[in-house]
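# An overview of the molecular structure
Below are the chains, spelled out letter by letter.
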Amino acid sequence: MEDFLIILSLVSLIYLFERKLYKISSALIHIFFSLLFLSIFEFFKIKYSLSEFFCIMQDLIGVSLIPAIFSFSEDFYGKKKNYKKRFLISLPLFFLIVINNIIFHKQLVNSKPSNFFLVFYALIIIILSFKNIFKANVEKKVKINILIIFLSLFGYYAYSTITNNFNIPIILLLTLISFIIIEFILLRKSWIKVLEDAKENLILNISDGIILVDKNNYVLDLNKPAQKIIGKEFNQIINRKLEDNFKNGQIIEKNGKYYSIEVIDFEKGSIYYFRDVTKEMKYSKRQEIANILFHNLFNNIPDPLALVTPSGKIVDCNSAFTKTFGYKKLENIENIVPDYLKEESKILILQILKKGHVSYETVRKSKSGKNIFVRIYASKFEIENQTFIYIIYSDISKEKKLSQQISNLIEKDPLTKTFNKVYIIKRLKNLKPLFYHSLIFIDIKDFQRINSLKGNVFGDKVLKIVANKLKECTNYIISRAHADEFWILAEELDIDVKKAYSKNKELILHIDNCLKNIKVDDTSLKFHIGTYIFKNDENIDEVIRKTSLSLSRSKDEDKIITYSKEIEDEIRKELEKEIQIKKAIEKGEFIPFFQPIATHNMEIVGAEALIRWVKDGKVIPPFEFLDFLEKTGLIEQASKQIFENVCKLLSKTKKLKFVDVNISPIQLKNTNFSKDYLKILEKYNIQSSQITIEITENLFIDYNDIVRENLNLLKSEGFKLCLDDFGTGYSSLNYLRNIPFDIIKIDREFISNIDDEKNLNLLKAIYSIAESFKMGAIPEGVENEKQLEILTVIGFRLFQGYYFGKPMPESEFLSILS
Ligand code: C2E
Ligand code: MG
Ligand code: MG
């Protein structure tokens, strides 16, 4: 009977655990392993009777219940299955059985100490199980109920064990009932409610549509979205046949929304699940539009466009690209970066990758090797974690050509096709540091005169020829900066100053050599050259000033001048002198000294006014300042002052028939000269016949229309004209023929060497020439009586020289007059 009960309990237990298969497996595993160990252990020793075997079975089932409860609690809590732990828990019980049955041949029920241990052990396991139940995520009510059931079960287990009423079938039965209560009444009810709530909520609140139909397609239930999708109210469709024939995977459009349909068939019917895919559809529509747009743009954009990898490989391009770069197909495209720009291209790609986009002007080459100016606009983008760069190449060749033409207009001299000053200055601003560079100024000597004598056309021809010669001669930048001034900029001569100087010297000598012997028609050209060596950090105005300075020095000294500090000092001194002289003019420090002109019997009839600078009581002779006055043009002002003094003297005395005044060629080149002198004459009410204008021969180097007009006016106004220093120039006689001189002044060379017979004869000849031209003749530099006697014998009537008096101040002169 007992055995039958055990078998019955086992079957019930199996049924119970069948619902949760893992539990029966746990229990069976315990039993199976325990039996296995026991059999191995006892194989050779004892042979069990069937009733003995059942006794062991009874024990095993009894003690296995405790680990089974623990497993249940763990599953209930939702822990991961931990077989090792479960096995360890059941191990003490196994040994208990072994000790009882095999060593003492007793059933557990008959062993008191073992039973106490069993109860104690069961208590621990139950407490551990409680912990799991407490943490379980079920209603509190359910938890409490389970705890009560477990406690009562344990209570009975403990009671029967300690009182030796350990009746396995009854315990099993009780356990069975307990689990049925837990499973069916407590948990099932609670879980089903939650599940149903969840399902209902899910179906009602989901934005997707759900329709439930039976096998015959009659609608059993549907949610609100589904009603909208099929366009019918709940009452209009429920329990009626669903007319639409929806298919799995189909996409339908309803009320501006898109739904994908999923049909889930089950035993008693089907579920139609309408998933709202409007967003995806719109996105993919947009994507499609964007794709079309991109392809359209890519292919039809008028500028060449290429898709490039960060390594510079072209992976795609449009038709404008292939056309511009002369390729037929994408596959043929070689590298379009010219060799010399390889590095630049690499840097460009790095910049694009760093900054995201770059705009840049550069050169790319076509298939035929032709360089094309392009403005690049490049930007990077990513597709599936791969970086690409798209590059638009706008062809700016025409733009470049135009800007070249414009810069030619601005920077080139149209006549000589060399650059102009603007360009040189631009280059000067962008010189390389560290290097020494040089600027060379070349000026055509007397170009002004060539131009005025031979005309502008000839002048232009000269400039062109010189420019071409310079172009042949050097590769440095050549420009025509002013009328006849060429500038050459020799960049990057050397880093070493000495080498730079010697290279520049070589260059200048070479240029000078090239320019030598240039002849345009019959005119041979000569040049002035000035140069300056400098570094990029020097002010450009200073560089130009210093080179100009060397050029003007070169004009003065008639040789090539390289700028140096000394030149600067000299010029500074000259400047200071100029300032001093200007002040002296303002102060009236330039005054005439008067040297008598007398007859052979010492009667003073006239005088020559000779300029002196009386500075702080010191008398400075003309050779110290005259050249300077002429060079600076200050001679005009100084001479006017002298002339005014002469007029003043003449207004003071009636004893003088005439006074000679010296005129510089520079004055005669001024159109206003004779008019100004006439005004002064009028101011002091002096007769023009009392003034003799002395002109030296060197005037005729620059004899021109203005000079002629001035002389004619003076002559017609009654002034006397005198050729000074007669006999020292080359063609004194020639001048006599062209200019209506009244008097000649014979140079004192002839007089000082009067003992020489040749000289004497020349003097005689000069006298008779003067006579035949009806001109007066005055010998200069008469220093003694002997000279006077000889000159008187020849026939001269008037004389000048220290014998009659040295040049003296006005007051002194007036006193010897009276
Ligand atoms: P010049 O017109 O031939 O003047 C005569 C020069 O001979 C004067 O020199 C005079 O001092 C010098 N002289 C006169 N008699 C004798 C003599 O017996 N023995 C010697 N050894 N010398 C004698 P100075 O005054 O030094 O003038 C030099 C030159 O400067 C002048 O030569 C003239 O060409 C120029 N000059 C003088 N004053 C003026 C002026 O106001 N304007 C211009 N443009 N030139 C002037
Ligand atoms: Mg004179
Ligand atoms: Mg003289």
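The rules behind the values
Residues numbered from 1 in each chain as written. Chains lettered and ligands numbered in written order. Predicted model: local features only at pLDDT ≥ 70, side-chain atom pairs only at ≥ 80, totals over all residues. Heavy atoms only, no water. Helix = DSSP H or I, 4+ residues; strand = E, 2+ residues; numbered from the N terminus. Buried < 20%, exposed > 50% of the residue type's maximum accessible area, 1.4 Å probe, protein only. Contact = heavy atoms within 4.5 Å. Areas by Shrake-Rupley, 256 points an atom, 1.4 Å probe, with all protein chains shown as cover. Salt bridge = Lys/Arg side-chain N within 4 Å of Asp/Glu carboxyl O. Near = heavy atom within 4 Å. Polar contact = N/O pair within 3.5 Å; in protein donor to acceptor, adjacent residues only side chain to side chain. Nonpolar A, V, L, I, M, F, W, Y, C, P; charged D, E, K, R; others polar. Patch = residues over 30% accessible without salt bridge, like charges linked within 9 Å, V, L, I, M, F, W, Y side chains within 5 Å. Lys, Arg positive; Asp, Glu negative; His and termini not counted. Charge placed at Lys NZ, Arg CZ, Asp CG, Glu CD. Donors = N, O, S within 2.8 Å, 3.2 Å for Na, K, Ca; no water. Expected span 1.5 Å × (residues − 1).

Looking at an unreviewed UniProt entry, one finds the protein chain named Cyclic diguanylate phosphodiesterase (EAL) domain protein, with Thermosipho africanus as its source organism.

Turning our attention to the overall build of the protein chain. The number of helices and strands found in the protein chain is 29 helices and 26 strands. Counting across all 818 residues of the protein chain, residues that qualify as buried make up 45%. If you take every contact in the protein chain between residues at least 6 apart in sequence, the share linking residues at least 24 apart comes to 59%. Split by element, the accessible area of the protein chain, about 45900 Å² in all, is 56% carbon and sulfur.

On to the pattern of salt bridges, then. Counted by the stated rule, this structure contains 38 salt bridges. One salt bridge connects glutamate 608 with lysine 745, and the closest N-O pair in it is separated by 2.8 Å. Residue glutamate 608 is found in strand 19 (residues 604-615), and its partner lysine 745 is found in strand 24 (residues 743-746); the two are separated by 137 residues along the sequence. A network of salt bridges, in which partner residues are shared, links Glu538, Glu542, Arg545, Lys546, Glu568 and Arg572.

Right, let's get into the site of ligand 1. Around ligand 1, the surrounding shell holds 21 residues, and the nearest of these are Ile611, Arg612, Asp724, Arg748 and Glu783. In this structure, glutamate 608 approaches ligand 1 through a side-chain N or O atom, which is 2.9 Å from an oxygen atom. Across the complex, the protein chains shield 83% of the 790 Å² of accessible surface that ligand 1 would expose by itself. Every element with two or more residues in the shell around ligand 1 is listed here: strand 19, strand 21 (658-663) and strand 23 (720-726). When residues in the shell around ligand 1 are grouped by element, the largest group, four residues, is from strand 19. Classifying every residue of the shell around ligand 1 by side-chain character gives eight nonpolar, five polar and eight charged.

The next subject is a negative patch on the surface. A cluster of acidic residues, Glu196, Asp197, Glu200 and Asp221, forms a negative patch on the protein surface. The dominant element in the negative patch, judged by the number of residues it contributes, is helix 7 (residues 168-205), at three residues. Topologically, aspartate 221 is positioned in strand 2 (residues 219-222). Residue classification places aspartate 221 among the partly exposed positions, given a relative accessible area of 38%.

On the protein side, the magnesium ion (ligand 2) has Glu608 (OE), Asn662 (OD1), Glu694 (OE) and Asp724 (OD) as donor atoms, found 1.9 to 2.3 Å from it. Mapped onto the polypeptide sequence, the residues donating to the magnesium ion (ligand 2) form the spacing pattern E-x53-N-x31-E-x29-D. Between the magnesium ion (ligand 2) and the magnesium ion (ligand 3), a separation of 4.0 Å is found, and both are coordinated by aspartate 724. Of this pair, asparagine 662 sits in strand 21 while aspartate 724 sits in strand 23; the two residues are 62 residues apart in sequence, bridging distant segments of the chain. Assessed through its relative accessible area of 5%, aspartate 724 is described here as buried.

With that settled, the discussion passes to the coordination of the magnesium ion (ligand 3). Protein coordination at the magnesium ion (ligand 3) comes from Asp724 (OD), Asp725 (OD), Glu780 (OE) and Glu780 (OE), with a distance range of 2.1 to 2.6 Å. Written as a sequence motif, the donor residues of the magnesium ion (ligand 3) are D-D-x54-E. According to the relative accessible area criterion, glutamate 780 is buried, its value standing at 12%.

Every α-helix carries 3.6 residues per turn, so stepping three or four residues along brings you back to the same face. Under the 1.5 Å per step criterion, the end-to-end length of helix 17 (residues 497-515) is 27 Å for 19 residues, consistent within 8% with the ideal 27 Å. On its buried face, helix 17 is in contact with strand 11 (436-444), helix 16 (456-473), strand 13 (485-494) and strand 16 (527-535). N-cap assignment for helix 17: the residue whose side-chain oxygen lies 3.2 Å from the backbone N of lysine 498 is aspartate 496.

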